[in-house]
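# Residue-level structure breakdown
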Amino acid sequence: MSRKVGAHVSAAGGIDKAIERAHSIGANCVQIFSASPRVWQKPKLESFDTEKFFKAQKEFEVQPVVTHALYLINLASNVPAQVEKSIKALTFELSFDSFIKGSGVVVHLGSHQGRGWEADKEQVARGIEIVLKNTPENSTFLIENSAGQNGKLTTNLADIRWLMDQIKSSRLGWCFDTCHAFSAGYQLNPKSSVTEGAIGIIEEKIEKFKLWSQLKCIHVNDSRDPFASHKDRHDNLGEGSIPTEDFAHFLNLEQLKKLPLILEVPGIDGEGPDAENIKRLKALIHD
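Okay, so let's go over this structure. Just so it is clear, the structure is predicted and the values come from calculations on it, not from any experiment. (Residues numbered from 1 in each chain as written. Predicted model: local features only at pLDDT ≥ 70, side-chain atom pairs only at ≥ 80, totals over all residues. Heavy atoms only, no water.)

### Focus on the pairing of strand β1 (residues 5-8)
Where we set the bar: Relative accessibility thresholds used throughout: buried, under 20% of the residue-type maximum; exposed, over 50%; partly exposed, between the two (1.4 Å probe, protein chains only). Secondary structure counts use DSSP, requiring at least four H or I residues in a row for a helix and at least two E residues in a row for a strand, with both numbered from the N terminus. A pair of strands is labelled paired if DSSP reports no fewer than 2 bridges between them. With strands facing away from the observer, any crossover in which the path from the first strand over the helix to the second runs clockwise is taken as right-handed.
Burial along β1 is two-sided: V5 and A7 and G6 and H8, pointing in opposite directions, are all buried. Where β1 meets strand β2 (residues 29-32), three bridges bridge the pair, whose relative direction is parallel. For A7, the partnering residue across the bridge sits in β2 and is V30. Chirality of the crossover, the property in question, places the unit of β1, helix α1 (residues 15-24) and β2 among those that are right-handed.

### A word on the pairing of strand β5 (residues 141-144)
The two faces of β5 match: F141 and I143 on one face and L142 and E144 on the other face are all buried. Bridge analysis of strand β4 (residues 105-107) against β5 gives three bridges, and the strand direction is parallel. From the neighbouring strand, V106 faces β5, where its bridge partner is L142. Read from β4 through helix α4 (residues 117-133) to β5, the crossover connection turns out right-handed. Two strands pair when backbone bridges link them, and β5 and strand β6 (residues 172-177) are joined in this way by four bridges, in the parallel orientation. By the bridge assignment, F141 is partnered in β6 with L172.

### Describing the nonpolar core
Put simply, the test is: Among buried residues, those of type Ala, Val, Leu, Ile, Met, Phe, Trp, Tyr and Cys that are joined through side-chain atoms within 4.5 Å constitute a nonpolar core. By definition, residues are in contact when any of their heavy atoms lie within 4.5 Å.
The biggest cluster of nonpolar side chains holds 83 residues, and the ones touching the most others in it are L109, I128, F141, L163, W174, I218 and L251. At seven residues, the largest contribution of residues to this core is made by helix α3 (residues 80-99). Once you skip the residues sitting within four places of it in the chain, I128 turns out to touch L75, L109, F141, I143, L163, I167 and L172. One finds C29, L142, C217 and I262 within the second-largest nonpolar core, a separate group that totals seven residues.

### A short note on the pattern of salt bridges
In plain terms, the rule: What makes a salt bridge here is a side-chain nitrogen of Lys or Arg within 4 Å of a carboxyl oxygen of Asp or Glu, nothing more.
Here the structure, examined in full by the defined rule, presents nine salt bridges. When the shortest N-O distance is used, the salt bridge between D120 and R115 registers 3.2 Å. Residue D120 is classed as buried on the basis of its relative accessible area, which comes to 5%. Residue R115 is classed as partly exposed on the basis of its relative accessible area, which comes to 31%. When salt bridges that share partners are traced, they join E239, E276 and R280 into one network.

Written out as structure tokens, the structure reads:
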């Protein structure tokens, strides 16, 4: 199969080990954390052994590599120290992306904490601009859509479009998560059997907001919760609420054929993405 099918895997023991783990479950692309996603502290870039990493990439033919930013980020926070820490952390993440010759850093922008998008959007845009200004030109910032839980930003694709227009950088793109979109109320298939609470058909919305060209990565996750539930809980493919035919329709859209498909599922044994989920994903798609 020529399509890029991968998963988020652990980089414990070295970033080269993540390449080996991805290959061992049948993946040909991968997503990793640069360090623990739950602490602010980051290692020095020089501590990463890129020689082993690039050698493993060549040997196992795993490419591209996407980094996921830490979970503590909130560019919309009303606490200046939180915003400052978020900008500093994202500056490291994009520097890491450049250091490993990666294909972007996926970022949850944070939460407006009840104030609403309009109240915080200018601050969020400024934060992204600062990060881009202070990081290498060959790094990429990827905004991820959210399920809308607890005031999470960028549930609405119109908000992603606004940020793109405001910032106007070729280094700014976005990542689409199937679970988040389903939980937000976006239908993955025009003929979907799930309709109650729908806010639109996702391919039509992407077209409306002219976001196809800036879409760089797909997170393929089933949902443990019902359609339009606004909850972010991933499930293994075929075990959640997203109809199989909806997955098949969306993932085989022509616009997605060259994009990496990354699993972030719990895994059959609860240890994260595995060979079985890779197999299920491959069964849903065609070249």
